[in-house]
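Fold and geometry: a report
In case you want the letters, here they are:
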There are 2 protein chains.
Amino acid sequence: MSPKEKKGEITINDIAKELNISPSTVSRALNDNAKISEATKNKVKAVARDLGYELNLVASSLSKNKTNVIGVIIPHLGSQFFAKALSGIQEVARDNGYNVIISQTNESVQQEVEMTRVMNSARVDGLVCCLTMETDNVDHFNVFVKKSIPVAMFDRVSYAVPGPKIVVDNYEAGYVATEHLINLGCKRIAHLAGVVSSKVFEERSEGFKDALKKHSLPLLSQFLLSSDLTEQDARDAVRLWMNLPQRPDGIVAASASSGLIIASAVKALGIKLPEELSIISLGNERCNEFVTPSLSAVDMPGYEMGKAAVTQLIKCINDGVSDSSITLKPIQLLIRNSSFKH
Amino acid sequence: MSPKEKKGEITINDIAKELNISPSTVSRALNDNAKISEATKNKVKAVARDLGYELNLVASSLSKNKTNVIGVIIPHLGSQFFAKALSGIQEVARDNGYNVIISQTNESVQQEVEMTRVMNSARVDGLVCCLTMETDNVDHFNVFVKKSIPVAMFDRVSYAVPGPKIVVDNYEAGYVATEHLINLGCKRIAHLAGVVSSKVFEERSEGFKDALKKHSLPLLSQFLLSSDLTEQDARDAVRLWMNLPQRPDGIVAASASSGLIIASAVKALGIKLPEELSIISLGNERCNEFVTPSLSAVDMPGYEMGKAAVTQLIKCINDGVSDSSITLKPIQLLIRNSSFKH
């Protein structure tokens, strides 16, 4: 059976009946046929819109092979990095006449697979994606590749999938943050890192380690901890570090949220920030400004990454899929009170 | 032309060719026809999935009249209230075999209209929606009503659209917060309210006013300001209030974000919290715990509202659209240091 017969589906005949004109006229009007007067076209489109026909995916994909919808798949919507990325994505998309539908994977690769299917079903014209931390195999993107539907990846990307890649220089982020603490006079700098399997966090750690090397500071045992950066991980790190005979005098947190938790956990122990300990986080959250002392951070260009990703995606939608790779610098070092030398 | 002929579209014939079996066998396999062996079904489905056919909306809507996708339209993804609501929505949806696609309106009714079209095109089985602050006319939901696709609304709702409504008792939130300050001894309590046109904020203000009445405290002129609750609005309110000969000794902020800005602006003026001024916000953000002093708040049950909305929605999907209205209580009064009596 054809989709027009789909139960409850509005058909061209319904519109024809409503306006008491022939179905073929309706069809021509919907397809902007030159033989049809503007007046009729407008009447037909108004009724179609009202009945929910023009909006019908099958109908519109018959009249033109596009939905003007861009799909976005990201790990989670809570974080400000992704909130900023989404603003950038939606701004550029809207300026180019695209709507955006979003889905979150909650860092579950199974959810990611599921959502690629949903986005494919929704017939998005293109996909913007940031992979989960556990994504290794990327075969679930093949359905887009096979149909030449472009996929632009940002932040956590896989070069096994053709299309634009927008990444940030995470190595520099880790390096700059660590060097900032070194310049303040910190000698025993600890780093709560993310999972090593994630390129993003591996690069941040590399930057941390190289900054120590460059300034010939030792990487003390137990001072580099890799974790999932959960609240518990951050609290455990603080407990471990603050019970060492030689405490760290500087901490680089691999994420904004872990930085906030480390700062409050340390304060709860009565340790003075920044007099006894300087803290800086890789990634900036709104909270960082409001806490006391305000938390220094390396800001990540979420907004710019989102804009770049969808800009490249739309290029691919118009001109065909092509590989391109853009590496953005961390926006800036936001020096606040948690890392001031007093 | 039928969608099967749509350019680049995978057809049953492609799968048949791939497996060297008849198209009718493929069709039966995809529709779980009992005449087809499990082995064949699995082979066909594997290839279909691989080619992106099973995922094809038309195909799946031909085999069964459902997409198992629930659409969500909310004002913005940044706030923690909506982040929590989304977690609740996704949790229940997943448990019931539904995937969720999300869109944000950025408080623009035009975007809301646009997104109802997109969700309709994606043929969602149901829609969960929180209206923008400016939404007045709700005709754009008629396409769902006409097709008996259920729409569940939460937080900002319109009773002009049939279907479940999940709201929070905003009057109680405003009342409880204000009474808390009164019980601390505050006599000159100010309220930065949201736009009056929004029922949510109007109710919060009503709660504020009635708490003052109940305790026979005057509502001082200039102490009730209505605004869009932007950062600038909050700063302007602080400037106005703190320059009055008789400053407020208590402030009820209509939103978490405005409360955070008020608190930091007041601190910047050297005013001691909570000794000279107590602050409480309606709505709780993660920052509230991290700031000094930590910011008291009435927590809103975003997670519970999301769960309730999608639970009612799925009932409607299964049993047909029916009206139902659930009013949840604000979760709890989180008394923190910004409103402690010292």
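Just so it is clear, the model here is predicted, and its values are computed rather than measured.

All names here are of chain A. Close contact between helix α1 (residues 12-19) and helix α2 (residues 23-30) brings their axes to 8 Å; oriented N to C, the two are set at 105°. If you check the angle between α1 and α2, you find them roughly perpendicular. Contacts between α1 and α2 pair I12, N13, I15 and A16 from the former with P23, V26, S27 and L30 from the latter.

This brings us to the sheet that holds strand β9 (residues 278-282) of chain A. Residues and elements named next belong to chain A. Reading across from one edge, β7-β6-β8-β9-β10-β12 is the order of the six strands in this open sheet, with mixed pairing throughout. This sheet does not close on itself; its edge strands, each paired only once, are β7 (224-226) and β12 (332-334). Strand-to-strand twist across the sheet, computed as the mean angle between neighbouring axes with direction ignored, equals 15°. Sitting on the sheet, helix α9 (residues 199-214) touches β6 (189-193), β7, β8 (250-253) and β9, and the angle it makes with β6 is about 170°.

All names here are of chain B. By the definition in use, this model includes one disulfide over all chains. The cysteine C130 is free of any disulfide, with C129 supplying the nearest cysteine sulfur at 6.8 Å. When its relative accessible area of 0% is taken as the criterion, C130 is described as buried.

On to the sheet that holds strand β9 (residues 278-282) of chain B, then. All names here are of chain B. Taking strand neighbours across the sheet as the criterion, the six strands line up as β7-β6-β8-β9-β10-β12 in an open arrangement whose pairing is mixed. Among the strands making up the open sheet, the edge pair consists of β7 (224-226) and β12 (332-334). Shown here is a sheet whose adjacent strand axes are inclined to one another by a mean of 15°, direction ignored. Contacts between helix α9 (residues 199-214) and the sheet are confined to β6 (189-193), β7, β8 (250-253) and β9, with β6 contributing the most and set at about 170° to the helix.

So, about the domain arrangement of chain A. All names here are of chain A. We note that the domain assignment places domain 1 (3-55), domain 2 (68-167 + 302-329) and domain 3 (170-300 + 333-339) within chain A. Contacts between domain 2 and domain 3 engage nine residues on the former and ten residues on the latter. Between domain 2 and domain 3 the total buried area reaches about 830 Å² when both faces are included, carbon and sulfur atoms providing 46% of it. Across the contact surface, domain 2 and domain 3 share three residue pairs in polar contact (both at pLDDT 80 or more). The element best represented in the side of domain 2 that touches domain 3 is helix α5 (residues 80-95), accounting for three residues. Broken down by class, the residue content of the side of domain 2 that touches domain 3 amounts to two nonpolar, three polar and four charged.

Calculation notes
- Residues numbered from 1 in each chain as written.
- Chains lettered and ligands numbered in written order.
- Predicted model: local features only at pLDDT ≥ 70, side-chain atom pairs only at ≥ 80, totals over all residues.
- Heavy atoms only, no water.
- Axes fitted to C-alpha atoms, helices over the stretch in contact; angles between N-to-C directions.
- Helix = DSSP H or I, 4+ residues; strand = E, 2+ residues; numbered from the N terminus.
- Parallel < 35°, antiparallel > 145°, perpendicular 65-115°, else oblique.
- Contact = heavy atoms within 4.5 Å.
- Pairing = 2+ DSSP bridges.
- Disulfide = S-S within 2.5 Å.
- Buried < 20%, exposed > 50% of the residue type's maximum accessible area, 1.4 Å probe, protein only.
- Domains from an automatic or database assignment.
- Buried area = accessible area lost by both parts, 1.4 Å probe.
- Polar contact = N/O pair within 3.5 Å; in protein donor to acceptor, adjacent residues only side chain to side chain.
- Nonpolar A, V, L, I, M, F, W, Y, C, P; charged D, E, K, R; others polar.

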